Every structure is written in structure tokens, then in C-alpha cells.
Amino acid sequence: MGLLYTKMKIFHFKEKLDSLSEESNQISPPLHVRIKPTNICNHDCWYCAYRADNLQLGQDMNVLDSIPRIKMLEIVEDLAAMGVRAVTFSGGGDPFCYPHLLETVERLRDSKIRFAALTNGSRLYSSIAEFFAHHATWLRISMDGWDNASYAAYRNCPDDEFSRVLANMETFKKIGGKCYLGVGIVVDIRNFNHIYDLIRKLQGIGVDSVKVSPCIVSNSGAENNAYHDPICSTVKEQIAKAMAEYGGQEFEINDSYHKQLETFSKTYHWCPYLQISPVIGADLNVYTCHDKAYNIKDGLLGSISDKRFKEFWSVNRSKFYGIDPAVICNHHCVADSSNLRIIEYLSADKNHLDFV
Ligand code: SF4
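Let me begin by describing the structure that accompanies this report.

Cut-off values and rules
Residues numbered from 1 in each chain as written. Predicted model: local features only at pLDDT ≥ 70, side-chain atom pairs only at ≥ 80, totals over all residues. Heavy atoms only, no water. Helix = DSSP H or I, 4+ residues; strand = E, 2+ residues; numbered from the N terminus. Buried < 20%, exposed > 50% of the residue type's maximum accessible area, 1.4 Å probe, protein only. Axes fitted to C-alpha atoms, helices over the stretch in contact; angles between N-to-C directions. Parallel < 35°, antiparallel > 145°, perpendicular 65-115°, else oblique. Contact = heavy atoms within 4.5 Å. Nonpolar A, V, L, I, M, F, W, Y, C, P; charged D, E, K, R; others polar. Pairing = 2+ DSSP bridges. Right-handed = clockwise from strand over helix to strand, strands pointing away. Phe/Tyr/Trp six-rings, centres within 6.5 Å; stacked < 30°, edge-to-face > 60°. Lys NZ or Arg CZ within 6 Å of the ring centre and 35° of its normal.

Some remarks on the environment of C48
Checked against the element boundaries, C48 lands in the loop between β1 (32–35) and α2 (69–82). The class for C48 is buried, based on a relative accessible area of 16%. Expressed as a C-alpha distance, the spacing of C48 and G58, which sit 10 residues apart in the sequence, is 9.6 Å.

In C-alpha cells:
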């Protein structure tokens with residue numbers, strides 16, 4: 001298997017890249033749309049960025065919003081007609097709490113769009129698990145606690161939930177199919193001593209990969225660094241030990257613990273990525289990205305409550321350039337390093353390209 005988390009994927013879509021700048025005057029469909037079907041969640045994680053009052057992410061989220069069934073089917077129809085390549089379902093809430101998820105992914109299966117989801121895994125069973133196992137490209141389950149007691153304390157969920165989620169994952173892998181099952185471990189000051197044990201446990205039940213990331217506790221990069229500094233070396237040692245013992249072709253361990261500890265400041269004045277992977281929220285607003293979802297002041301591109309997505313996307317191209325990351329995106333941004341690469345690519349002097 002090749003590199004799953006590489007930032008270079010976008011460079012396989014030259015036509016899209018060349019349509020991005022304001023001067024190109026082309027409108028092309030997004031490649032990958034993230035849909036937040038519902039804001040309802042059956043867990044209550046203390047660090048959930050959508051529910052934390054001190055983070056800009058999710059500041060305008062209504063926890064009861066869900067995309068109406070008819071609207072969801074219309075969105076899927078539009079994405080297929082536009083030639084969108086992939087859809088990821090995520091929160092807001094947990095996508096598996098959305099009552100129309102199975103019908104939605106059945107429609108996607110019948111299109112050319114590939115799909116994936118982020119979930120807490122507690123509802124990964126019965127027909128929806130069967131369907132994902134056979135038709136989804138990947139599924140990623142978020143984890144933090146390392147046993148029943150710690151997991152329940154993190155998430156304010158039933159005492160045996162950790163065991164049930166592990167059992168769901170194990171059963172899911174035994175279904176067979178082609179869906180790649182990953183786990184995202186979120187590191188904080190409670191679990192930092194348990195990362196190796198948790199990776200070992202996950203490898204033992206047959207998951208395909210584990211990604212280790214830092215818990216984001218502030219909009220400020222300096223405050224995040226201060227939070228993680230005391231535990232960083234311990235976490236890194238455990239990741240290295242797990243990689244040495246278990247990492248390889250059959251089980252990938254992705255160390256994203258360091259990458260998000262960088263500075264959050266931006267130096268560029270337009271965002272390529274919002275045309276590549278925008279977000280449709282459960283409030284029927286279209287947002288620039290996952291990191292600005294439910295931030296109406298800074299992240300809103302517009303609403304599709306009274307129009308179709310394909311109509312929304314095709315008019316008023318200028319809205320893509322009204323967001324200035326150097327001014328309003330000085331916080332965590334998953335697309336930052338991709339944006340930097342794309343802007344450099346587009347800035348290459350056309351008269352000198354031949355001198356490669
Ligand atoms: S720069 Fe990052 S945070 Fe800002 S709109 Fe673009 S993807 Fe979102």
C-alpha cells in the first residue's frame with residue numbers, strides 16, 4: 001500500500017490545480033466534499049472541538065441540526081453529476097447517528113463517488129457495518145481512553161462502551177470486504193502514558209492503521225505547544241516503540257503528533273483548499289473547510305437551504321477569494337502545508353518552467 005496521508009495527492013489532479021487561482025477564470029467541481037449529516041452525537045468528549053467554548057471551530061453549531069433526507073439525496077445527486085470524486089462523512093455529531101446514512105451511502109455506491117466516514121464506532125454494527133465493509137473506502141474511529149473506565153470518563157458514555165467499540169471493530173474486520181479501518185488516537189495529558197498499550201491492543205484486534213495526533217486545546221499554537229511540551233517525548237518514545245514492534249505493510253502507524261504542534265500563523269492571502277475540499281454542514285451551510293465549519297463569520301461560503309449545491313458552486317466564483325488566511329486563519333488548519341505547496345506550484349514563473 002502507498003502513502004495514505006501524503007499531502008501530495010492533490011498533485012495528481014493537474015486540471016484542478018490549474019483552475020484554482022483567481023486569474024484562471026475556470027470553475028471546476030470540488031474533488032472531495034466533507035458532509036456533516038448530523039450534529040447529534042451519542043458521546044460527549046471533553047475535548048470535542050465542536051463543543052469546546054474556547055475554540056473557534058463549531059462556535060455557531062446547533063447540536064440538533066441534521067440534513068433532511070430529501071436534501072441529502074439531492075446533494076448526493078448533485079455531487080455525482082458534478083464529478084466530485086470522494087465524500088467523507090464526519091461531525092458535528094457522529095455520522096452513524098444519522099438515520100438516513102444507509103440510504104445515502106447506497107446512492108453513493110451507485111455513483112462513481114468513493115466514500116468514507118469518521119465515527120466513534122459505537123454504532124458500527126448490523127447492516128450499516130456490512131455495507132461500509134463492502135463499499136466504503138475507509139473508516140476512521142476516534143479513540144482516547146485505554147480501558148472501559150478511562151474511555152467512559154473521556155466521553156460520558158456507558159461503562160462498557162470501550163469494550164463494545166473494540167468488539168465492533170474486530171467484527172467489522174471479520175466481515176471482510178475492502179474497507180480500510182483506521183483509528184485516530186487523540187493524545188492529551190490523561191492518556192499520554194498509554195499510547196503504546198493502546199496501539200498494541202488495536203493491532204491485536206486487526207485494525208489496519210493507527211494515526212496519533214495531539215489534542216487541540218487552544219486556537220493559539222503557542223498554548224498548544226505549552227500543553228504538549230511536557231508529554232511530547234514520552235509520546236514519541238511510545239510511538240517509536242510501537243512502530244519498531246508492529247509497524248509495516250499490514251499495520252500502518254502514522255505519527256501526526258508533531259505536525260500539528262507547529263505555528264498556526266498563515267502567510268498567504270487566499271485559500272486554494274476551500275475549492276478542493278469544502279464542507280456541507282448539517283445546517284445546510286457550505287463552509288470553507290473542516291477547521292472553519294460552523295464559524296459563520298469567518299468560514300461561511302454560503303447556504304444551500306434554498307438552492308442546489310451544483311447551482312451554488314457554479315455562480316459567484318469570487319466568493320472563493322474573499323477569505324484571507326493571513327488575517328482570519330491563524331489557528332489549526334489541516335490544509336496549511338497543502339496550501340503552501342499549491343501556492344508555490346501556481347507561483348512558478350511560466351517563462352522558466354523548462355529549466356526544470
Ligand atoms: S486556510 Fe485553512 S483554515 Fe483557512 S479557510 Fe483555508 S483550509 Fe480553512
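Now, onward.
Quick notes on the packing of helix α6 (residues 161–175) against helix α7 (residues 195–205)
Relative orientation of the contacting elements α6 and α7 amounts to 40 degrees, with a least axis distance of 9 Å. The orientation of α6 with respect to α7, classified from their angle, is oblique. Contact with α6, carried on its side by F162, L166, M169 and E170, involves L198, K201, L202 and I205 of α7 and no other residues of that element. Classifying every residue of the contact of α6 with α7 gives six nonpolar, no polar and two charged.

Examining the pairing of strand β5 (residues 180–187)
By the criterion of burial, β5 is predominantly enclosed, with eight of the eight residues buried. Every second residue of β5 is oriented toward a common face, with Y180, G182, G184 and V186 on one face and L181, V183, I185 and V187 on the other, all of them buried. Bridging between strand β4 (residues 138–143) and β5 involves six bridges; their strand directions are parallel. Note that in β5 the partner of S142 across the bridge is G184. By the bridge criterion, six bridges tie β5 to strand β6 (residues 209–214) in an arrangement that is parallel. In the strand pairing of β6, V187 is matched with P214. Chirality of the crossover, the property in question, places the unit of β5, α7 and β6 among those that are right-handed.

Re the packing of aromatic side chains
Under the counting rule described, the total for this entry stands at 11 aromatic pairs. Taken together, a centroid distance of 5.0 Å and an interplanar angle of 45 degrees make the contact between F96 and F132 tilted. Of the two residues, F96 sits in the loop between β2 (86–89) and α3 (101–109) while F132 sits in helix α4 (residues 126–135), which places them 36 residues apart along the sequence. In this structure an aromatic cluster arises from ring pairing among F96, F115, F131 and F132. Stacked on the ring of Y154, the Lys or Arg R190 has its end atom at 4.9 Å from the ring centre. Looking at K319, its charged tip hangs above the ring of F312, at a distance of 4.7 Å from the centre.

So far we have only geometry, and geometry alone does not tell us how the molecule works.
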